[in-house]
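This is what each chain is made of:
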Amino acid sequence: AFSPDGTRIVSGGADGTVRVWDADSRRPLGDPLVGHRFAVFSVAFSPDGTRIISSSADNTIRVWDAATGQMVGQLTGHQQPVNSVAFSRDGRRLATAGWDRLVKVWRVADGKELLSRPGHDSGVTSVAFGDGRLVSADESQTVRIWDVKE
């Protein structure tokens, strides 16, 4: 995923690490971010570029400081691997989707789970925010649109 200003790229690896790259030189910036026990499935920069979110086969979502690489939070609540993460456009909320067939919305400031929605018949593979809505897609090619206005 690109940073909002396009200067950095964040990637997740099968080795459980998250890496930040310089987009121009294509070289790593600092050491890998270490904390997940299994493969990293999804990564995203916050809209202001200060945070990185990663999700993993270890059922967790981790929050990283994009400048220092330090882990600053962890979200738990999925019972199976977390396939996709997405920030809301204002950066205040985070959506996650997992093999447990759940779509969750979290408040970034304190990690509070705001919403947990079953509604898919198979593992949810993708999630994305729009204006007051959230879209999710699953393994069986079903797409759902959720109203998530505050």
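All of these numbers come straight from a predicted model, not from anything done at the bench.

### Side note on the environment of Trp 146
Here is step 1: Locating Trp 146 in the fold gives a position in strand β14 (residues 143-147).
Here is step 2: On the basis of relative accessible area, Trp 146 is assigned to the buried category, the value being 10%.
Here is step 3: Placed 112 residues apart in sequence, Trp 146 and Val 34 show a C-alpha to C-alpha distance of 33 Å.
Here is step 4: The residues touching Trp 146, leaving out its near neighbours within four places in the chain, are Val 103, Arg 117, Pro 118, Gly 119, His 120, Gly 132, Arg 133, Leu 134 and Ser 136.
Here is step 5: One polar contact links Trp 146 to Ser 136, side chain to side chain, over a distance of 2.8 Å.

### Thoughts on the sheet that holds strand β12 (residues 124-129)
Here is step 1: An order of β12-β13-β14 is seen for the three strands of this open sheet, with the pairing classed as antiparallel. Edge strands, defined here as strands with exactly one partner in the open sheet, are β12 and β14. With strand direction ignored, the average angle separating the axes of adjacent strands in the sheet is 20°.
Here is step 2: Sheet analysis places β12 next to strand β13 (residues 133-138), joined by five bridges and oriented antiparallel. Directly across from Phe 129, in β13, lies its bridge partner Leu 134.

Reading guide: rules and limits
- Residues numbered from 1 in each chain as written.
- Predicted model: local features only at pLDDT ≥ 70, side-chain atom pairs only at ≥ 80, totals over all residues.
- Heavy atoms only, no water.
- Helix = DSSP H or I, 4+ residues; strand = E, 2+ residues; numbered from the N terminus.
- Buried < 20%, exposed > 50% of the residue type's maximum accessible area, 1.4 Å probe, protein only.
- Contact = heavy atoms within 4.5 Å.
- Polar contact = N/O pair within 3.5 Å; in protein donor to acceptor, adjacent residues only side chain to side chain.
- Pairing = 2+ DSSP bridges.
- Axes fitted to C-alpha atoms, helices over the stretch in contact; angles between N-to-C directions.

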